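Descriptive analysis of the structure
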Amino acid sequence: MMNPFSAIKNWVEKPLTASVGVDVDDLKHYYRIHGLDESAANDAVWTRGLPRFLDLFADCGIEATFYCVAEDVESDQNRTILRSLVKAGHEIANHTWHHPYALTRLSDDERLAEVKEGKERLEKAAECAVVGFRSPGYHTSKALQDDLKATGHLYDSSIFPCAPYYLAKSGVLAWMALKGLTSHSIQGSPRVLLAPRWPYKPSAEDPFKAASFDMSDDSDADETLLPQYPVSVAMGCPLIGTAFTALGATASCLAVTAGLHLSRHITLEFHGIDLLDLGDMDAGLGAVQPDTRVPFNKKRDIFKAVIDCIKSQAEVKRLDHIAQGL
Ligand SMILES: [Zn+2]
């Protein structure tokens, strides 16, 4: 066993790294979360949001990870956009076949199909390997993790150990139930709040419990679940697009700097909708998604400042490259 002084020395000498991801959730999923009529949903996440993210990341000089839903890339239009992401050097990761929020409550066969078909269909459409996974709504379970391993995924980034988010979601779901509205979203296990805040290899029996923090040693692969890269939370602040929009550039830069130095690695999460505004969607959705009232150019400026701040301190890499030690 390594002595504690060597462990601390290794920890503080570890190079700082960061990864930036975008969950490509079509607008219809937001209508479903809020119990609205999804026939009003348009394709602005793909046709406007993704080109804006491509432009932002090119401007910042980084390669990122796009978590895509396989059913969205059946159209020629979206497949062309998907390939433009790959061509620009970005990673495509699996965000399931149909984005079911209740993925962990599906039957074994249905859950496996969401994971397997999601990966294979994205690989076919993008013409590249897909090895990363993020679960819709951040829900996971041992059974889901076993499916990911069995289908050739190399890492997972579904854990979001954020108490304010967890409590807010519980409140919204309870309020909607009182109003008689049906949300497709579900609440996951509160055990996620006890999960580590930095990359870890979960115990084979429990995705929320770390068996090891040594991500470079894969000799324990048989006794652990897939390497887990949680969506980062620094001092209670989630390192996600909506939080950066709410905080503004200066406070967001403080949060990512704290996260980097506390965790040595941070995983940032954006959503395709983060670079949309009221001009890109109907008023019904805009009314329930407050950050869409902020013009996308203003949000872009904040995100650019955050990424530049990280770049000045850490190496920003695709998560598949970090997971594979590339
Ligand atoms: Zn999603």
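From a predicted model like this one, the values you see are computed outputs, not experimental measurements.

The next subject is the coordination of the zinc ion. Surrounding the zinc ion are the protein donor atoms Asp 25 (OD), Asp 25 (OD), His 95 (NE2) and His 99 (NE2), at 2.1 to 2.3 Å. The site at the zinc ion holds four donor atoms, and with the angles between them running 58 to 141°, its shape is irregular. Coordination of the zinc ion draws on donor residues from a single chain, spaced D-x69-H-x3-H in sequence. Owing to a relative accessible area of 2%, His 99 belongs among the buried residues under this scheme.

Right, let's get into the pattern of salt bridges. If the charged atoms of two oppositely charged side chains come close together, the side chains can form a pair. The full count for this structure, using the stated rule, is 22 salt bridges. For the salt bridge of Asp 72 with Lys 28, the shortest nitrogen-to-oxygen distance reads 3.3 Å. Note that Asp 72 is positioned in the loop between strand 2 (65-68) and helix 4 (76-87) and Lys 28 in helix 2 (residues 27-33), a separation of 44 residues in sequence. Residue classification places Lys 28 among the buried residues on the basis of a relative accessible area of 16%. Between Lys 116 and Glu 120 there is a salt bridge whose closest N-O contact spans 3.3 Å. Of this pair, Lys 116 and Glu 120 both sit in helix 5 (residues 108-126), four residues apart, roughly one helical turn. A relative accessible area of 35% places Lys 116 in the partly exposed class. Note on Glu 120: relative accessible area 39%, which makes it partly exposed.

Our next topic: helix 4. Taking 1.5 Å of rise per residue, the twelve residues of helix 4 would be expected to cover 16 Å, and the 16 Å separating its terminal C-alpha atoms lies within 8% of that figure. Of all the positions in helix 4, only Asn 78, Ile 81, Leu 82 and Leu 85 are classed as buried. Seen end-on, helix 4 carries its buried residues on one side only, within an arc spanning 105°. Turned more than 90 degrees from where helix 4 packs its buried face, Asp 76, Thr 80 and Lys 87 sit exposed. Those residues of helix 4 that are buried lie in contact with helix 3 (44-60), strand 2, strand 3 (91-94) and helix 5.

For the rest of this paragraph, the subject is the side chain of Arg 52. Along the chain, the position of Arg 52 falls in helix 3. Residue Arg 52 is classed as buried on the basis of its relative accessible area, which comes to 17%. Beyond its immediate sequence surroundings of up to four residues, Arg 52 is in contact with Leu 275, Leu 276, Asp 280 and Phe 296.

Here we come to helix 5. For helix 5, which comprises 19 residues, the first-to-last C-alpha distance of 27 Å matches the rise-based estimate of 27 Å (1.5 Å per residue) to within 8%. Listing the buried residues of helix 5 in full gives Arg 111, Glu 114, Val 115, Gly 118, Lys 119, Leu 122, Ala 125 and Ala 126. Within helix 5, the buried residues cover an arc of 150° as seen down the axis, which keeps them to one side. Across from the buried face of helix 5, at angles greater than 90 degrees, the exposed residues are Asp 108, Asp 109 and Lys 124. On its buried face, helix 5 sits against strand 2, helix 4, strand 3, strand 4 (132-133) and helix 6 (142-150). One or two residues past the end of helix 5 sits Glu 127, with phi positive at roughly 60°.

Mapped onto the fold, Ile 310 is located in helix 11 (residues 296-311). Linking Ile 310 and Thr 17, residues 293 residues apart in sequence, is a C-alpha distance of 8.8 Å.

Note on placement: Thr 96 falls in the loop between strand 3 and helix 5. You can call Thr 96 buried: its relative accessible area is 0%. Spatially, the C-alpha atom of Thr 96 lies 8.1 Å from that of Lys 116, the residues being 20 residues apart in sequence.

Let us look at the environment of Ser 75. Looking at the element boundaries, Ser 75 is found in the loop between strand 2 and helix 4. For Ser 75, a relative accessible area of 33% gives the class partly exposed. Separated by 50 residues in the primary sequence, Ser 75 and Ala 125 have C-alpha atoms spaced 9.9 Å apart. Within the structure, the side chain of Ser 75 is placed 3.2 Å from the backbone nitrogen of Asn 78, a separation counted as a polar contact.

Tallied over the full model, the rule gives eight aromatic pairs. Relative to Phe 57, the ring of Phe 53 has its centre 5.6 Å away and its plane inclined at 45°; by these criteria the two rings are tilted. Of this pair, Phe 53 and Phe 57 both sit in helix 3, four residues apart, which is roughly one turn of the helix. For Phe 53, a relative accessible area of 0% puts it in the buried group. Note on Phe 270 and Phe 303: the rings are 4.6 Å apart at their centroids and 55° apart in plane angle, and the pair reads as tilted.

Next up on the list: the state of the cysteines. Within the structure shown, the criterion is met by zero disulfides. No disulfide involves Cys 253; its sulfur sits 3.8 Å from that of Cys 309, the nearest cysteine.

Conventions we followed
- Residues numbered from 1 in each chain as written.
- Predicted model: local features only at pLDDT ≥ 70, side-chain atom pairs only at ≥ 80, totals over all residues.
- Heavy atoms only, no water.
- Donors = N, O, S within 2.8 Å, 3.2 Å for Na, K, Ca; no water.
- Tetrahedral: all angles 85-135°; square planar, octahedral: opposite > 155°, others 65-115°.
- Buried < 20%, exposed > 50% of the residue type's maximum accessible area, 1.4 Å probe, protein only.
- Salt bridge = Lys/Arg side-chain N within 4 Å of Asp/Glu carboxyl O.
- Helix = DSSP H or I, 4+ residues; strand = E, 2+ residues; numbered from the N terminus.
- Expected span 1.5 Å × (residues − 1).
- Arc of directions from axis to C-beta.
- Contact = heavy atoms within 4.5 Å.
- Polar contact = N/O pair within 3.5 Å; in protein donor to acceptor, adjacent residues only side chain to side chain.
- Phe/Tyr/Trp six-rings, centres within 6.5 Å; stacked < 30°, edge-to-face > 60°.
- Disulfide = S-S within 2.5 Å.

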